[in-house]
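# Commentary on secondary and tertiary structure
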Amino acid sequence: MKYPLEKTEEQWKEELGEERYNILRQKGTERPHTGTYNLHYEKGTYCCGACNEPLFESDSKFDAHCGWPSFDDAIPGKVKNILDKSHGMIRTEIVCANCGSHLGHVFNDGPTVTGQRFCVNSLSVDFK
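Residues numbered from 1 in each chain as written. Predicted model: local features only at pLDDT ≥ 70, side-chain atom pairs only at ≥ 80, totals over all residues. Heavy atoms only, no water.

A few words on the overall build of the chain. Helices and strands together make up the secondary structure of the chain, namely one helix and nine strands. Walking the chain from its N terminus toward its C terminus, one meets helices and strands in the order α-β-β-β-β-β-β-β-β-β. For the chain, whose C-alpha radius of gyration is 14 Å, the value lies close to the compact-globule estimate of 14 Å for 128 residues. Its C-alpha atoms give the chain principal-axis dimensions of roughly 40 × 35 × 30 Å. For the chain, the residues scored as buried account for 48% of the 128 residues in total. A separation of at least 24 residues holds for 53% of the contacts in the chain among residues at least 6 apart in sequence. As presented, the chain carries roughly 7,100 Å² of accessible surface, and 49% of it is formed by carbon and sulfur atoms. Between the mean site of the 15 positive side-chain charges and the mean site of the 19 negative ones, the chain shows a separation of 3 Å. (Helix = DSSP H or I, 4+ residues; strand = E, 2+ residues; numbered from the N terminus. Rg over C-alpha atoms; globule rule 2.2 N^0.38 Å. Buried < 20%, exposed > 50% of the residue type's maximum accessible area, 1.4 Å probe, protein only. Contact = heavy atoms within 4.5 Å. Areas by Shrake-Rupley, 256 points an atom, 1.4 Å probe, with all protein chains shown as cover. Lys, Arg positive; Asp, Glu negative; His and termini not counted. Charge placed at Lys NZ, Arg CZ, Asp CG, Glu CD.)

Below you can see the structure in the form of structure tokens.
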């Protein structure tokens, strides 16, 4: 799949460092309850940790008690959904629409009116 921002994997690895590269480019997952933004509730915007594209507004964040930052909606057009059949499951992966970096997964079990829970790795976002 093509994205507006394209770089080689070598460029991504050099720019992101080992931990972020594993999450953002190799579809890794950080351990639950360890991420910087899991219980973070300041006002602002969560941006892609790879390309700085705005992805989620703080007013969409909620505590899902799952161990990862959770949002009930993304900024329109900023996140793409991709069918994920890895690890013996059928899920919906979420990636940055600008650079294709892995953010986490979205589930249809959210407690708000959207019914969605965007489950995001802290290492895949920066807060501004």
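A few words now on the packing of aromatic side chains. Each aromatic ring pair is specified by the distance between its two centres and by the angle formed by the two planes. Tallied over the entire structure, the rule returns six aromatic pairs. Note on Y37 and F127: the rings are 6.4 Å apart at their centroids and 45° apart in plane angle, and the pair reads as tilted. You can see Y37 sitting in the loop between α1 (9-24) and β1 (45-48) and its partner F127 sitting in strand β9 (residues 125-127), a full 90 residues away along the chain. As far as burial versus exposure is concerned, Y37 and F127 are alike and both buried. Ring pairs connect the aromatic residues Y37, Y46, F56, F71, F118 and F127, which therefore count as one cluster. Between the NZ or CZ atom of K7 and the centre of the ring of W12, over which it lies, the distance is 4.8 Å. In this structure, K61 packs its charged tip against the face of Y41, placed 4.2 Å from the ring centre. (Phe/Tyr/Trp six-rings, centres within 6.5 Å; stacked < 30°, edge-to-face > 60°. Lys NZ or Arg CZ within 6 Å of the ring centre and 35° of its normal.)

Further remarks concern the nonpolar core. Counting residues in hydrophobic clusters, the biggest one holds 23 residues, and the most contacted among them are L55, F56, V79, I94 and F118. Counting residues per element, the ones that place at least two in this core are α1, β1, β2 (54-57), β6 (91-96), β7 (102-107), β8 (117-120) and β9. At four residues, the largest contribution of residues to this core is made by α1. Excluding anything up to four places from it in sequence, F118 contacts F56, P69, S70, F71, D72, D73, A74, V79, I94, H105 and V106. (Core = buried A, V, L, I, M, F, W, Y, C linked by side-chain atoms within 4.5 Å.)

It is worth spelling out the UniProt feature "domain: MsrB" (unreviewed entry) in the chain at this point. UniProt records the feature "domain: MsrB" (unreviewed entry) for residues 9-128 in the present numbering. Measuring from the first to the last C-alpha atom of residues 9-128 gives 26 Å, for a span that is 13% helix and 31% strand. (UniProt positions renumbered as here; feature names shortened; annotations may be inferred.)

Ordered by their spatial adjacency, three strands build an open sheet running β2-β1-β9, and the pairing between neighbours is antiparallel. Every interior strand has two partners, whereas the edge strands, β2 and β9, have only one. Looking at each pair of strands side by side, their axes are set apart by 30° on average, direction ignored. In this sheet, β2 lies alongside β1 in antiparallel orientation, the contact comprising three bridges. (Pairing = 2+ DSSP bridges. Axes fitted to C-alpha atoms, helices over the stretch in contact; angles between N-to-C directions.)

Attention now goes to the pairing of β8. The alternating pattern of β8 places R117 and C119 on one face and F118 and V120 on the opposite face, and all of these are buried. With two bridges connecting them, strand β4 (residues 70-71) and β8 associate as antiparallel partners. Paired with F71 across the two strands is F118, which belongs to β8.

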